[in-house]
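Coordinates in review
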Amino acid sequence: MTTLSTRPLRVLHVRPRLGVGGATEYLIRLAESQAEAGYFVAIASGGGEWSRRVSAFAHHYDQTPLTPYLGPGKRTPNLPALLAAGLKLAHIIRAGRIDIVNTHHRFAALAAKLASRLTNVPVVTTLQEVPWKNRRLTRFALGVQAITMSAMMKRFVMETCGVPSDRVTVIPIGINIPSSLSDERRRHLLEDLGLDGSAPIIASVGRLVARKGHIHLLRALPAVVRAHPTLQAVLVGDGEERASLEQAARDLGVARHVMFAGARSDAVDIMALADFTVLPSLEEEFGIVITESFACAKPVVATNVGGIPEHVRPMENGILVPPGDSRALAEQIIFLLDHPELVQQLGQQGRRAVEQHYTRQRFFERTEAVYHAALQRRSEVVR
């Protein structure tokens, strides 16, 4: 007879929506790694653009309504949905003989906590954004173990929620090292994006929302273009700021140098195509784009905020600038464009960092250790 310590686990991942973005990417890559290792993987979510991606590996997918708020401005807690979701998750847990639930959103954590009370299955809470608001609710929603994507987030959870260090583990996302772009793939991307392969290219990947700071990159571009008149900047992602950013590019006179590529599944290929990546975020808990860029052997010019400095080391694998400082951003972009040999050197250092610290196997193993810690804690409580 197998035991939890010898057989692959049966895990349920829960998130309100599988929308385009780093948080969903984290869930999908983790769940995919677990399925490859023999886990039984179930996912419950309210749908989303990336729902179809889970069908390739998940043993069970349940479209469960998980709408956190109601009304104008989405400020009214959706208590009926919370209760219904908790009961539905309890049913999924029992039917799937789930060993552990991993949540990826505070509302999901609250619903899962209710389900845990009904089934005695422990919950692990993955926090992918700093819960600046409703901190007491966040503390209440935490499972027996918590996972954060950066040490900055771990400190916040410990200090704000009063959680001891041994209940919070930092686990950055793990990624595969991509193959080098073939000449044919490079030609196709250049043609698809309307880019000149002989001119410098910088890429910025992320949702087009205010916290990602794209406006400061656009404000940096006039100075960069004066120094490098053929520069091409590719912004990969979509969001509520797109129209205003496109207008800003026109107002700043750099529209012909900026390609708004929209949300794409081949963002990593575009980073591999570029000379380097720019991450102008005003807030950033971790920045999956950093490791993806490093995996392509491309350095990163990023802002010195949140968890970014834990991964971007100045003049080792990238450059850091103050958030919101377009002048500093322009200076450092120009500096790298002026020193292509340094760009290559920094990129190789970044790739080595991924090979040492951010592999899919390490991602899986560290998460599995947290799961077993949660199961051990539950067994101690039962005894």
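Just so it is clear, the structure is predicted and the values come from calculations on it, not from any experiment. (Residues numbered from 1 in each chain as written. Predicted model: local features only at pLDDT ≥ 70, side-chain atom pairs only at ≥ 80, totals over all residues. Heavy atoms only, no water.)

**Focus on the overall build of the chain**
Along the chain, the regular secondary structure elements total 14 helices and 15 strands. Dimensions of the chain along its principal axes, counting C-alpha atoms only, are 70 × 45 × 40 Å. Taking all 383 residues of the chain together, the buried fraction comes to 54%. Once local pairs closer than 6 in sequence are excluded, the contacts in the chain between residues at least 24 apart make up 66%. (Helix = DSSP H or I, 4+ residues; strand = E, 2+ residues; numbered from the N terminus. Buried < 20%, exposed > 50% of the residue type's maximum accessible area, 1.4 Å probe, protein only. Contact = heavy atoms within 4.5 Å.)

**Section: the side chain of Q232**
Of note, Q232 is situated in strand β11 (residues 232-236). With near-sequence residues (within four places) excluded, Q232 lies in contact with G194, L195, D196, A199, P200, I201, I202 and H257.

**Focus: the sheet that holds strand β1 (residues 10-15)**
Pairing in this open sheet of seven strands is parallel, and the strands run β3-β2-β1-β6-β7-β8-β9 from one edge to the other. The outermost strands of the open sheet, each flanked by one partner alone, are β3 (60-63) and β9 (168-170). Averaged over all pairs of adjacent strands, the angle between their axes in this sheet comes to 20 degrees, without regard to strand direction. When strand β6 (residues 100-103) meets strand β7 (residues 123-127), the two strands line up parallel, connected through three bridges. (Pairing = 2+ DSSP bridges. Axes fitted to C-alpha atoms, helices over the stretch in contact; angles between N-to-C directions.)

**A short note on the pairing of strand β14 (residues 300-303)**
Burial along β14 is two-sided: V300 and A302 facing one way and V301 and T303 facing the other are all buried. Assessed by its sense of winding, the connection that carries the chain from strand β13 (residues 276-279) through helix α11 (residues 288-295) to β14 is right-handed. Where β14 meets strand β15 (residues 318-321), four bridges bridge the pair, whose relative direction is parallel. Across the sheet, A302 pairs through a bridge with L320, a residue of β15. (Right-handed = clockwise from strand over helix to strand, strands pointing away.)

**Notes on the environment of T277**
Tracing the backbone through its elements, the reader meets T277 in strand β13. Judged by its relative accessible area of 0%, T277 falls in the buried class. The residues touching T277, leaving out its near neighbours within four places in the chain, are A203, M271, V289, S293, P299, V300 and V301.

**Description of the environment of A249**
Relative to the elements of secondary structure, A249 occurs in helix α9 (residues 242-251). Taking the C-alpha atoms as reference, A249 lies 42 Å from L142; in sequence the two are 107 residues apart. If sequence neighbours within four positions are ignored, A249 has contacts with L218, V254, A255 and F260.

**A few points about α9**
Among all positions of α9, only L245, A248 and A249 are buried. One face of α9 carries all of its buried residues, which in axial projection span an arc of 100 degrees. The exposed residues of α9 that point more than 90 degrees off its buried face are A243 and D251. Along its buried surface, α9 packs onto α8 (214-227) and β12 (258-262). The positive-phi residue at the C-terminal boundary of α9 is G253, with phi of around 75 degrees. (Arc of directions from axis to C-beta.)

**Digging into the environment of V254**
Following the sequence through the fold, V254 ends up in the loop between α9 and β12. Here the alpha-carbon distance between V254 and G22, two residues 232 residues apart in the chain, equals 28 Å. Once residues lying within four places of it in the same chain are set aside, the contact partners of V254 are L218, L221, P222, V225 and A249.

**Details of the packing of aromatic side chains**
If you walk through the whole model with that rule in mind, you get two aromatic pairs. Judged by centre distance (5.0 Å) and plane angle (80 degrees), the rings of Y26 and F363 are edge-to-face. Here F363 lies in helix α14 (residues 360-382) and Y26 lies in helix α1 (residues 22-36), a separation of 337 residues in the sequence. Among the residues examined, Y26 registers a relative accessible area of 1% and is labelled buried. Arranged with centres 5.5 Å apart and planes meeting at 65 degrees, the rings of Y39 and F364 form a pair that is edge-to-face. Of this pair, Y39 sits in the loop between α1 and β2 (40-45) while F364 sits in helix α14, and the two are 325 residues apart along the sequence. Of the residues examined, F364 reaches a relative accessible area of 10% and is grouped as buried. (Phe/Tyr/Trp six-rings, centres within 6.5 Å; stacked < 30°, edge-to-face > 60°.)

**Description of the packing of helix α12 (residues 326-338) against helix α13 (residues 340-357)**
α13 packs onto α12 with a crossing angle of 100 degrees between their chain directions and a minimal axis gap of 5 Å. Relative to α13, α12 is oriented roughly perpendicular. Contact residues: F335, L336, L337 and D338 in α12; P340, L342, V343 and L346 in α13. Of the residues in the contact of α12 with α13, the class split is seven nonpolar, no polar and one charged. (Parallel < 35°, antiparallel > 145°, perpendicular 65-115°, else oblique. Nonpolar A, V, L, I, M, F, W, Y, C, P; charged D, E, K, R; others polar.)

Purely spatial values, then, with no claim about function.
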